[in-house]
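The residues making up each chain are set out below.
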Amino acid sequence: MNNGKKARNLGLLALAMFGFGFALVPLYDVFCDITGLNGKTDSTAAVAAQSVNEQRAVTVEFVTYQSAGLRGEFMPSVQRLSVHPGEMHRVDFTVTNPGISSQVLRAIPSVSPGRAAGYLRKTECFCFQEQPLDGQAQAVMPMTFYVDEALPADIEVFTLSYTLYDISEQAAGQG
């Protein structure tokens, strides 16, 4: 095989690899939607439940993380809550910004085990939009939710975690 043909084949291979890498994110999202893996929750508000199953209790644990370099505190008002499927609950999350500069924050939710993510219904959540926070300020951000009655019986405990990111630079670029 001559050098020209090798170069063309390597170029095509590089182009195919770039295309495959570019397609991985949407393919991963489709895979997660189909399988329920990765614990992704809905990014839109749910409609309130119509009935409550008082015969069953599910424990929901709340965990918070902050991205590297983000100072201050980010914590839920409770660490764990026992809920009846269909019953509305509100949990407040407090965030502080000890710096003097304003920040724009984004919270990314995740549920573990991932199968439970499809049964967590948030009617209000700070994770639905960006959260501006002035310097040296504190904010209380509500999350109202219920657990769908169709949650599989073998799931008695699940964890809802939020990771908080400072997206000030990206938000400034949009405005």
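Structural data are supplied above this passage.
This write-up is about the structure you can find in this document.

So, how was this worked out
Residues numbered from 1 in each chain as written. Predicted model: local features only at pLDDT ≥ 70, side-chain atom pairs only at ≥ 80, totals over all residues. Heavy atoms only, no water. Disulfide = S-S within 2.5 Å. Buried < 20%, exposed > 50% of the residue type's maximum accessible area, 1.4 Å probe, protein only. Pairing = 2+ DSSP bridges. Helix = DSSP H or I, 4+ residues; strand = E, 2+ residues; numbered from the N terminus. Axes fitted to C-alpha atoms, helices over the stretch in contact; angles between N-to-C directions. Patch = residues over 30% accessible without salt bridge, like charges linked within 9 Å, V, L, I, M, F, W, Y side chains within 5 Å. Areas by Shrake-Rupley, 256 points an atom, 1.4 Å probe, with all protein chains shown as cover. Salt bridge = Lys/Arg side-chain N within 4 Å of Asp/Glu carboxyl O. Phe/Tyr/Trp six-rings, centres within 6.5 Å; stacked < 30°, edge-to-face > 60°.

## Observations regarding the state of the cysteines
Evaluated as defined, the whole model comprises one disulfide. Linked covalently through their sulfurs, Cys-125 and Cys-127 form a disulfide whose S-S length is 2.5 Å. Linking Cys-125 and Cys-127, the disulfide has an S-S dihedral of approximately 125° and is accordingly described as right-handed. The exposure class assigned to Cys-127 is buried, which follows from its relative accessible area of 9%.

## With respect to the sheet that holds strand β9 (residues 157-166)
Pairing is mixed in the open sheet, where five strands are placed in the order β3-β1-β9-β5-β7. What marks the edges here is a single partner per strand, and that holds for β3 (80-83) and β7 (131-133). Going across the sheet, the axis of each strand differs from the next one's by a mean of 30°, ignoring polarity. As paired elements, strand β1 (residues 58-66) and β9 share eight bridges and run parallel to each other. When the bridges of β9 are listed, Gln-66 appears paired with Leu-164.

## Side note on a nonpolar patch on the surface
A grouping of Leu-10, Leu-13 and Met-17 is seen on the molecular surface, where their side chains present a nonpolar patch of about 330 Å² in accessible area. Along the chain, Met-17 falls in helix α1 (residues 3-35).

## A short note on the packing of aromatic side chains
Two aromatic rings, taken as a pair, are described by how far apart their centres are and by the angle between their planes. Summed over the entire model, instances satisfying the criterion amount to seven aromatic pairs. Between Phe-74 and Phe-126 the ring centres are 6.2 Å apart and the planes differ by 85°, which places this aromatic pair in the edge-to-face class. Separated by 52 residues along the polypeptide, Phe-74 in strand β2 (residues 74-76) and Phe-126 in the loop between β6 (120-125) and β7 bring together distant segments of the chain. When sorted by exposure, Phe-74 lands in the same class as Phe-126, which is buried. With 5.2 Å between their ring centres and 75° between their planes, Phe-93 and Tyr-162 make a pair best called edge-to-face.

## Brief notes about unusual backbone geometry
For the peptide bond that leads from Ser-112 to Pro-113, omega is 0°, which places it in the cis range. Here Pro-113 shows up in the loop between β5 (103-112) and β6. Residue Gln-136 is not a glycine yet carries a positive backbone phi of 50°. Tracing the sequence through the fold places Gln-136 in the loop between β7 and β8 (137-147).

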